[in-house]
Every structure is written in structure tokens, then in C-alpha cells.
Amino acid sequence: MNVRATALAEVHHFDEQSSAFARDVIDDLSRHPKRLSPKYFYDAAGSELFEQITLLPEYYPTRTELAILQDYGRAISSIIPKGAALVEFGAGSTTKVRLLLGECGLGAYVPVDISGEFLKTQAEALRADFPSLQVYPVTADFSAPFELPDAVRAMPKVGFFPGSTLGNFEPHEACAFLHSAREILGRGARMVIGVDLEKDERVLYDAYNDSAGVTARFNLNVLHRINRELGGDFDVGAFIHRAIYNREKHRISKKALTARVLGRKFSFRPGESIHTENSYKYSLERFTALARGSGWKPFESWTDAAGMFSVHAMVASD
Ligand code: AVI
């Protein structure tokens, strides 16, 4: 942890999670260009806003992936061995896993998420609806190594990573994540992963610049969060949301821009941006190459009729 973040943590008596947040914010806002990690979008307010995004008419990924899981649920579930532990990386709402639960005889479900409170609520709802299902929530940053609960050690493991969250990693980070998931899940593990595909620029632009402004609120919430949790004094109203599509790099970059900022610790030039998120879109070939280079062998994939989104089944390579 850097010196200023340590001092901050001491003054505020931060717990481990808030200290990591403080360290990352200070490090990331000290960079040129400034940035903030998308993993900090998801406090309770951010998770709620993301749930709203998933229902927007312009935001096609969630409904398209849900339709694939619905249409091919039986085939997808058939790659999950009976009695397996299904480990969901970044489990927000449990809508997607519910589509598989009816079809496969799971030994346990292990949702892993950085947002502990949201995770607890979702786990309780799932237990109420599936009383015989063993649910072991793990509060952790799934982009770093973490321990699986002892209770699932002997079970076959299947990773579940829907939502195309992989696209929020830089390609080298995506590769590191897939390697780490393979280590966590162990030999012989399988994985079901949702990957958003390249498509028309206008469709992508609209998906990240919705007319109701929910994505803008979601993006700017991270500044409110800094104010709430780290005693920041960002003038959030001085920032606007901007999402652009960079075809060459296959991503949507979201930047909050400002003309003036009253922040105490960081000064922003007029028009200076904070880069908050990338959403890489893959072709089927590029995803397959990435997976193969990261310790996994994709062996089956499913897409919607319009080729907007894809779901892949993979097995850990020896
Ligand atoms: C979670 N992730 C895959 C979303 C995406 O599409 O990149 C996050 C998001 N950001 C703005 N809208 C949705």
C-alpha cells in the first residue's frame, strides 16, 4: 500500500476492503491519464444501477445471454458433472444461474463477489427458492486468487462467468484471470463463460449511452462512492459521462469529463477525463485463441441467431 493510502486508512480506521479501495483510488488518480478501476462500480447503489442497465432496451447483452441460457440450458447444463460445485465469478444477481439450477444436480453453488452485502441478499433468496441447494458465498475480489470453501474441495468444479465481464479486463488481464480461475478450480475443471461479440458500432454506442441516462449514473456513482466511503469532496455534477467505441482496440471506453473540479486532493485540467472502464468485444476466433493461451480448451459454444453474444464451454488443459 502506498504511504498516502496507509495514512488515510489509519486516520479513518478503514477495514481491509476500504483500505484497498483507498490505495487504488489514490494510485489511479495519480496517473496520467487518470483512471479508476471498474471493480469499484459495484457498491450497493452501483449494483442496483447495474441491475437497471440490464433491463434497458439499448443494453442487449443481458437479455441476449439470458435467451441463450434459456434456449440451450439443457445442453449447457449437460457439461456440468452431477454433484459439482458451480463457482460463479462476480455473482451479482442470480438470474442466470437459476436457469441452469433446474437442469443440473449441483453439489454446491459458490457465488464469489466483492460486494458482500449484495451477495448475502442474493444467497438468501436462492436458499429460499432452492432449499436443498448448498450455497457457500465467498466475499472476494475474483480478479485475484482466493480460497474455495473447504466443503467443496472434493467436488468436481465448474466455473461460471456470464455477462461478458471478461470484456472489462485488458487482454493481458483477461489471460491472467483465466489462468487464475484454472488454478482456483483445479485439474479437470470446466468453465461456462459468456462473451460479447463484435458488432455494428451504432448498436454498441447506444448500449453504453442509453437515453434514460442510467449508464451515466452508474459511471458517475463511483465518484459518489469515493465521497461517501473515503471522505472525498468530488463535485460530481461537474463531470459528464462519455462512452466511445474504439474499433481498433475492440472496446468501449467510458470517461467522465469535467471542465472544473473542486476536489481537494487531485486537480483536473478543464476537459480532463478519468478513464473508468473498457468493454472489449471479441470475435469467436479471438476468444478461442485467448482461452487456449490461458490454460483452457473451448469445446462447445452457443450464440443467438443474430450472432450478438456467445456462451462457451471449456475444459482446463492439463
Ligand atoms: C459488467 N460488464 C460486462 C458491463 C459491460 O457491458 O461492460 C458493465 C457495464 N458498463 C456499462 N454498462 C454496462
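This text follows the structure it describes.
Quick summary incoming for the structure in this document.

Thresholds, definitions, all that
- Residues numbered from 1 in each chain as written.
- Predicted model: local features only at pLDDT ≥ 70, side-chain atom pairs only at ≥ 80, totals over all residues.
- Heavy atoms only, no water.
- Helix = DSSP H or I, 4+ residues; strand = E, 2+ residues; numbered from the N terminus.
- Rg over C-alpha atoms; globule rule 2.2 N^0.38 Å.
- Contact = heavy atoms within 4.5 Å.
- Areas by Shrake-Rupley, 256 points an atom, 1.4 Å probe, with all protein chains shown as cover.
- Pairing = 2+ DSSP bridges.
- Axes fitted to C-alpha atoms, helices over the stretch in contact; angles between N-to-C directions.
- Near = heavy atom within 4 Å.
- Polar contact = N/O pair within 3.5 Å; in protein donor to acceptor, adjacent residues only side chain to side chain.
- Nonpolar A, V, L, I, M, F, W, Y, C, P; charged D, E, K, R; others polar.
- Core = buried A, V, L, I, M, F, W, Y, C linked by side-chain atoms within 4.5 Å.
- Buried < 20%, exposed > 50% of the residue type's maximum accessible area, 1.4 Å probe, protein only.
- Salt bridge = Lys/Arg side-chain N within 4 Å of Asp/Glu carboxyl O.

**A look at the overall build of the chain**
Next up, step 1: Within the chain, the secondary structure is distributed over 11 helices and 11 strands.
Next up, step 2: Its C-alpha radius of gyration of 20 Å places the chain within 12% of the 20 Å reference for a compact globule of 318 residues.
Next up, step 3: Seen along its three principal axes, the alpha-carbon backbone of the chain occupies a region of about 55 × 45 × 35 Å.
Next up, step 4: Taking all contacts inside the chain whose residues are at least 6 apart in sequence as the whole, residues at least 24 apart take part in 67%.
Next up, step 5: For the chain, the exposed area adds up to about 14,400 Å²; of that, 53% sits on carbon and sulfur atoms.

**Things to note about the sheet that holds strand 6 (residues 190-196)**
Next up, step 1: The strand order across the open sheet formed by seven strands is 4-3-2-5-6-11-10, and the pairing between neighbours is mixed. Edge strands, defined here as strands with exactly one partner in the open sheet, are strand 4 (138-139) and strand 10 (296-303).
Next up, step 2: Sheet analysis places strand 10 next to strand 11 (residues 309-316), joined by seven bridges and oriented antiparallel. Bridged to W296 within strand 11 is A316.
Next up, step 3: Sheet strands touched by helix 11 (residues 284-292): strand 6, strand 10 and strand 11. Its angle to strand 10, the strand with the most contacts, is close to 155 degrees.

**Overview of the site of the ligand**
Next up, step 1: In the vicinity of the ligand there are 14 residues, among which Y59, N168, Y208, E277 and S279 approach most closely.
Next up, step 2: Within the side chain of E277, one N or O atom sits 2.8 Å away from a nitrogen atom of the ligand.
Next up, step 3: Only helix 3 (44-54) and helix 10 (214-230) provide two or more residues apiece to the shell around the ligand.
Next up, step 4: Tallied by class, residues from the shell around the ligand come to six nonpolar, six polar and two charged.

**With respect to the nonpolar core**
Next up, step 1: The biggest cluster of nonpolar side chains holds 34 residues, and the ones touching the most others in it are F89, L166, F177, M191 and W296.
Next up, step 2: Elements with a contribution of two residues or more to this core: strand 2 (85-89), strand 3 (108-113), helix 8 (171-185), strand 6, helix 11 and strand 11.
Next up, step 3: For this core, the leading source of residues is helix 8, giving six residues.
Next up, step 4: Excluding residues that lie within four positions of it along the chain, W296 makes contacts with L178, A181, R182, L185, A189, R190, M191, A291, M314, V315, A316 and S317.

**Focus on the environment of D196**
Next up, step 1: Take D196: it is sitting in strand 6.
Next up, step 2: Residues D196 and Y208, 12 residues apart in the sequence, show an inter-C-alpha distance of 13 Å.
Next up, step 3: In this structure D196 touches Y60, P61, S164, K281, Y282, M308 and F309, once residues within four positions along its chain are discounted.
Next up, step 4: Of note is the side chain of D196, whose polar atom sits 2.9 Å from the side chain of K199.

**What about the pattern of salt bridges?**
Next up, step 1: Applying the stated criterion to the full structure yields 18 salt bridges.
Next up, step 2: For E65, the salt bridge goes to K96, with nearest N and O atoms at 2.9 Å. Taken together, the residues span a long stretch of sequence, with E65 in helix 4 (residues 60-71) and K96 in helix 6 (residues 95-101) at a distance of 31 residues.
Next up, step 3: For E198, the salt bridge is made with R286, and the minimal N-O distance between the two is 3.4 Å. You can see E198 sitting in the loop between strand 6 and helix 9 (201-208) and its partner R286 sitting in helix 11, a full 88 residues away along the chain.

**Structural notes on the environment of L166**
Next up, step 1: Relative to the assigned elements, L166 resides in the loop between strand 5 (157-161) and helix 8.
Next up, step 2: Remark: the alpha-carbon pair of L166 and Y59, spanning 107 residues in sequence, is separated by 17 Å.
Next up, step 3: Setting aside chain neighbours within four positions, we find L166 in contact with F161, A174, F177, L178, I193, F287 and L290.

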